[in-house]
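# A structural walkthrough
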Amino acid sequence: MAQFWRPGSERPRATLVDDEEGGVLFVSAPPPSSSSGFGHSSLERQRQRLPVFKYRDAILYLVENHATTIIVGETGSGKTTQIPQYLKEAGWAEGGRVVACTQPRRLAVQSVASRVAEEMGVKIGEEVGYTIRFEDQTNPSVTVIKFLTDGVLIREMMDDPLLTKYSVIMVDEAHERSMSTDMLLGLLKKIQRRRPELRIIISSATIEAKSMSTFFKARKKDLRHAAEDSVPSHLPAVLSVEGKGYTVEIHYVEEPVPDYLQAAVGTVLSINDKEPAGDILVFLTGQDDIDAAVKLLREDTQDDRRRTSGLLVLPLYSGLSRVDQDLVFAPTPKGKRKVVISTNIAETSLTLEGVVYVVDSGFSKQRFYNPISDIESLVVTPISKASARQRAGRAGRIQPGKCFRLYTEEYFLKEMPTEGIPEMQRSNLVSCVIQLKALGIDNILGFDWLASPPPEAMVRALEVLYSLGILDEDAKLTSPIGYQVAEIPLDPMISKMILSACNFGCSEEIITIAAVLSVQSIWVSMWGAQKEFDEVKLRFAAAEGDHVTYLNVYKGFLNSGKSSQWCYKNYLNYQAMKKVVDVREQLSRLLRRLGLALKSCEKDTQILRKAIIAGFFANSCHLEEYSYNGLYKTVRSSEEVYIHPSSVLFRVNPKWVVYHSLVSTNKHYMRNVIAIDPSWLIEAAPHFYQVRTPNLAPC
């Protein structure tokens, strides 16, 4: 068994120096001791070959002596899987304590937990477990290393505000700057003032260490009860861990390209003509771009021309079916070259073995929320230098690689932003505000933010929560509704819809709808089968709209015996439908715990729609008179919007509708739409609407 640095034991023999900022930078470490490997499993030898292994003692020394340790580790260094194990082996999980490691993405939580459990030779859910929304694979009496999303850890604070069971909390992939990550970092900083013994590790591939160190550096007034030389030190430590990547040769275009999609396809064909064996990873912006590129490359392949006959072209984006995902991760068949065309999901969260060439379009698709119009736009934006480096690094995993950037070197050096815009500064903050309120943080604008959210978005969030009856006039949670909504881990509008359904007597149906709305999409759009797909959706379509249609789909799934074959025939995502069943069951248990009755409205769709309106009355629209192209206007702000083509009400155009969300692409589209009677709006929200000829108006 390898020797690990234990808390309180002798300082490790490694070269550590204090820097001028008061942190600690690791300069060098001795190479790992040679070993014949006798008595070690193959997994143990793999662990010792990881770059992070030689920094093991230094990491444990810093964690022992500093309240906050910032680890900048290149992709592939092994930091995510190894550091929690080092902490456990060094005694940080003894005496009933737990080591936590957070991730921004659920997929990463599950895959990392499975890998660590495999390395430790334990079953997932025992010593090593994970928790994501609506799924808990832990055993409180046994689990000592716990992986979870940032959002789940924030929710744990509602029951245990100081997170007392955790000895060390590692916040991984912090460079992604998700809204939950930024919230969590602010909350952990607050907890540290009350729990100076809590250790925090912030780990990332590209994080700006200095700014993070400054954020966590304790202020003098927070140290009035602590000695300046106390252990742990209040000064954050910084450690840089090298990766195991190979050299990646960077190529730029000489002139800006007019069409990055065509340029990407041309570059793939050029690589296939001129470069040795190796798979290709192409970064584009979204499903539409990816599908178009796949079509162009497959058409070339089907022409039986020598230059493309060996290409295996595959898409990769979050809405793919499990079967298509498996194709991406499967080994490349002999004599073939795999071309994976992906969104930025492949930047950090997923590793594709076999990639030697990367084609970087220089763009990604991001969501930007406008609090004035209440519209969320999907915008194609230039990536940051940090993202560009992450993308290039994908090419150097197994051997020296090449990255072909479809932008000029001058643009990269002089114009490309260093970092992306944090999600906190471009998102709807409704869920963020209610979580902080539930944690007793009333002065939200005075909260210690890593990146301050826009005041307009904060005001809009407070307005929405007040209109729903979740906050009172003093901006405090109402009782019981406000506290009940905070207990339900869904968007507050959906939570209010569920609670209202209990009063209307249709909670059985509404929790099914809520479960469907909580997964990404239950539909799978098959390439080249749009007509068949549309015909299948018509079998389930309800005249009332999408929400009732989801009830028909769910009933069909249950009647099929939850059959995967039935899902395949009906263009439904089997994994998503299984998740709907699971989420629905958990919502059912949660309502029972809150003392709320579950009842069915027995196909009374009017009551059902009234319950939906109780949560979404602010999202009402009316069809413009004499509109021949389906133009609606929102009642609240008179924004011009259209029903999304994926809705069963597309081209039906009822006079009045309520939508779940607005997304802007080439137009402002309403998603998940249901037809209503406008009088129900006044019935549901007399404080929000008044009658005005010819239409309703918000108060």
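Residues numbered from 1 in each chain as written. Predicted model: local features only at pLDDT ≥ 70, side-chain atom pairs only at ≥ 80, totals over all residues. Heavy atoms only, no water.

## Considering the overall build of the chain
How we decide: A run of H or I in DSSP counts as a helix once it spans at least four residues, and a run of E counts as a strand once it spans at least two, with each numbered from the N terminus. Contact definition: two residues touch when any of their heavy atoms are within 4.5 Å. Surface accessibility follows the Shrake-Rupley procedure with a 1.4 Å probe radius. Residue values consider only the protein chains on display as shielding.
Looking only at helices and strands, the chain features 23 helices and 25 strands. A separation threshold of at least 6 residues defines the contact pool for the chain, and within that pool the share at least 24 residues apart is 72%. Taken as a whole, the chain presents about 31700 Å² of accessible surface, with 49% of it coming from carbon and sulfur.

## A few points about helix α2 (residues 56-65)
As a reminder, the rule being used: Any residue under 20% of the maximum accessible area for its type is buried, any over 50% is exposed, and the rest in between are partly exposed; the area is computed with a 1.4 Å probe on protein chains only.
Of all ten residues in α2, nine are buried; the element is thus mostly enclosed. Where α2 is concerned, the buried positions are Arg 56, Ala 58, Ile 59, Leu 60, Tyr 61, Leu 62, Val 63, Glu 64 and Asn 65.

## Topic: the environment of Gly 420
Relative to the assigned elements, Gly 420 resides in the loop between α12 (409-414) and α13 (430-438). Among the residues examined, Gly 420 registers a relative accessible area of 45% and is labelled partly exposed. Separated by 243 residues in the primary sequence, Gly 420 and Arg 177 have C-alpha atoms spaced 8.7 Å apart.

## Quick word on the pairing of strand β4 (residues 98-103)
Condition: A pair of strands is labelled paired if DSSP reports no fewer than 2 bridges between them.
The buried fraction of β4 is high, at six of six residues. The alternating pattern of β4 places Val 98, Ala 100 and Thr 102 and Val 99, Cys 101 and Gln 103 on opposite faces, both of which are buried. Relative to strand β8 (residues 166-171), β4 runs parallel, the two sharing five bridges. Looking at β8, one finds that Val 98 is bridged to Tyr 166. Of the pairings in the sheet, the one linking β4 to strand β7 (residues 145-149) comprises five bridges and is parallel in character.

## Re the packing of aromatic side chains
Using the following cut-off: Put simply, two rings from Phe, Tyr or Trp (the six-membered ring, in Trp's case) pair if the centres are within 6.5 Å, and we call them stacked under 30 degrees between planes, edge-to-face over 60, tilted for the rest. Note on criteria: charge over ring means Lys NZ or Arg CZ within 6 Å of the ring centre, with the direction from the centre no more than 35 degrees off the ring normal.
Inspection of every chain in the model, using the stated rule, returns 14 aromatic pairs. An angle of 65° between the planes, with centres 6.3 Å apart, marks the rings of Tyr 252 and Tyr 407 as edge-to-face. Residue Tyr 252 is found in strand β11 (residues 248-252), and its partner Tyr 407 is found in the loop between β18 (401-405) and α12; the two are separated by 155 residues along the sequence. A relative accessible area of 24% places Tyr 252 in the partly exposed class. Tyr 407 gets classed as buried once you look at its relative accessible area, which sits at 6%. Between Tyr 252 and Phe 412 the ring centres are 6.1 Å apart and the planes differ by 45°, which places this aromatic pair in the tilted class. Taken together, the positions of Tyr 252 in strand β11 and Phe 412 in helix α12 put the pair 160 residues apart, joining distant regions of the chain. These aromatic residues form a ring-pair network of at least three members: Trp 523, Phe 533, Phe 540, Phe 557, Trp 566, Tyr 571 and Tyr 574. For Arg 405, the ring lying beneath its charged end belongs to Phe 412, and the centroid distance is 4.6 Å. Lying over the aromatic face of Phe 368, Arg 426 brings its terminal NZ or CZ to 5.7 Å of the ring centre.

## Quick word on the packing of helix α19 (residues 546-559) against helix α21 (residues 574-593)
Applicable threshold: Angles run from 0 to 180 degrees between N-to-C directions of axes, and those axes are lines fitted to C-alpha atoms, restricted for helices to the stretch in contact. Should an angle lie under 35 degrees it is considered roughly parallel, over 145 roughly antiparallel, and from 65 to 115 roughly perpendicular; all remaining angles are considered oblique. Under the grouping applied here, Gly and all other residues not named as nonpolar or charged are polar, the nonpolar ones being Ala, Val, Leu, Ile, Met, Phe, Trp, Tyr, Cys and Pro and the charged ones Asp, Glu, Lys and Arg.
Where α19 meets α21, the axes come as close as 11 Å, and the angle between the chain directions of the two elements is 100°. Compared by their axis directions, α19 and α21 come out roughly perpendicular. For the pair α19 and α21, the contacting residues are Val 553, Tyr 554 and Phe 557 in the first and Tyr 574, Met 577, Lys 578, Val 580, Val 581 and Arg 584 in the second. Grouping the amino acids of the contact of α19 with α21 by side-chain chemistry returns seven nonpolar, no polar and two charged.

## Observations regarding the confidence of the model for the chain
Short version of the rule: Each residue carries a pLDDT score, the predictor's own confidence in it, on a scale running from 0 to 100.
Per-residue pLDDT for the chain averages 86, and the proportion of residues at 70 or more is 87%. Throughout residues 1-8 the model reports pLDDT below 50, and contacts reaching past four residues in sequence, or to other chains, amount to 26 contacts. Note that residues 10-40 has pLDDT below 50 and, in this model, 52 contacts with residues that lie over four places away or in other chains.

## A look at unusual backbone geometry
Residue Pro 480 follows Ser 479 across a cis peptide bond; omega there is 5°. Residue position: Pro 480 is located in the loop between α14 (455-467) and α15 (481-487). Unusually for a residue other than glycine, Ala 475 sits at a positive phi of about 60°. Note on placement: Ala 475 falls in the loop between α14 and α15. When its relative accessible area of 24% is taken as the criterion, Ala 475 is described as partly exposed. The phi angle at Lys 603 is positive, at roughly 70°, despite the residue not being glycine. Positionally, Lys 603 belongs in the loop between α21 and α22 (605-616). On the accessibility criterion, Lys 603 (72% relative accessible area) is exposed.

## Quick look at the side chain of Ser 500
Looking at the secondary structure, you find Ser 500 in helix α16 (residues 492-504). Contacts of Ser 500, omitting those with residues within four sequence positions, involve Ala 611 and Ala 614.

## Quick word on helix α3 (residues 79-89)
Burial analysis of α3 places ten of its eleven residues in the buried class, the great majority of the element. Taken together, the buried positions of α3 are occupied by Lys 79, Thr 80, Thr 81, Gln 82, Ile 83, Pro 84, Gln 85, Tyr 86, Leu 87 and Glu 89.

## A short note on the sheet that holds β18
Pairing is parallel in the open sheet, where six strands are placed in the order β11-β18-β15-β12-β14-β13. Each of the sheet's edge strands pairs with one partner strand only, and the pair in question is β11 and β13 (311-316). On average, each strand axis in the sheet is inclined to that of its neighbour by 20°, with strand direction left out of account. Against the sheet, helix α11 (residues 385-393) touches β11, β12 (279-283), β15 (355-360) and β18, its axis set at about 140° to β18.

## Some remarks on the sheet that holds β7
Reading across the sheet, the eight strands line up as β6-β5-β7-β4-β8-β9-β3-β10 and stay open at both edges, with mixed pairing between neighbours. Edge positions in the open sheet fall to β6 (135-137) and β10 (237-241), since each of these has one partner strand only. In this sheet, neighbouring strand axes are inclined to one another by 20° on average, regardless of whether the strands run parallel or antiparallel. Summarising the sheet, strand β5 (residues 128-132) and β6 pair through three bridges and their orientation is antiparallel. Each bridged residue has a counterpart across the sheet, and for Ile 132 the counterpart in β6 is Glu 135.

## Overview of the pattern of salt bridges
The test is simple: In what follows, salt bridge is the name for a side-chain nitrogen of Lys or Arg lying within 4 Å of a carboxyl oxygen of Asp or Glu.
Taken as a whole, this structure holds 29 salt bridges when the rule is applied. Through salt bridges that share partners, Glu 44, Arg 47, Glu 89, Arg 115, Glu 118 and Glu 119 make up one connected network.

## Topic: the nonpolar core
Filter applied, for reference: To form a nonpolar core, buried Ala, Val, Leu, Ile, Met, Phe, Trp, Tyr and Cys residues must be joined to one another through side-chain atoms within 4.5 Å.
By size, the foremost hydrophobic cluster in this structure holds 112 residues, and its most contacted members are Ile 510 and Ile 522. Ile 510 has contacts with Met 497, Ile 498, Ala 501, Leu 608, Ala 611 and Ile 612, leaving out every residue within four places of it along the chain. Ile 59, Leu 87, Trp 92 and Val 128 belong to the second largest nonpolar core, which has 36 residues in total.

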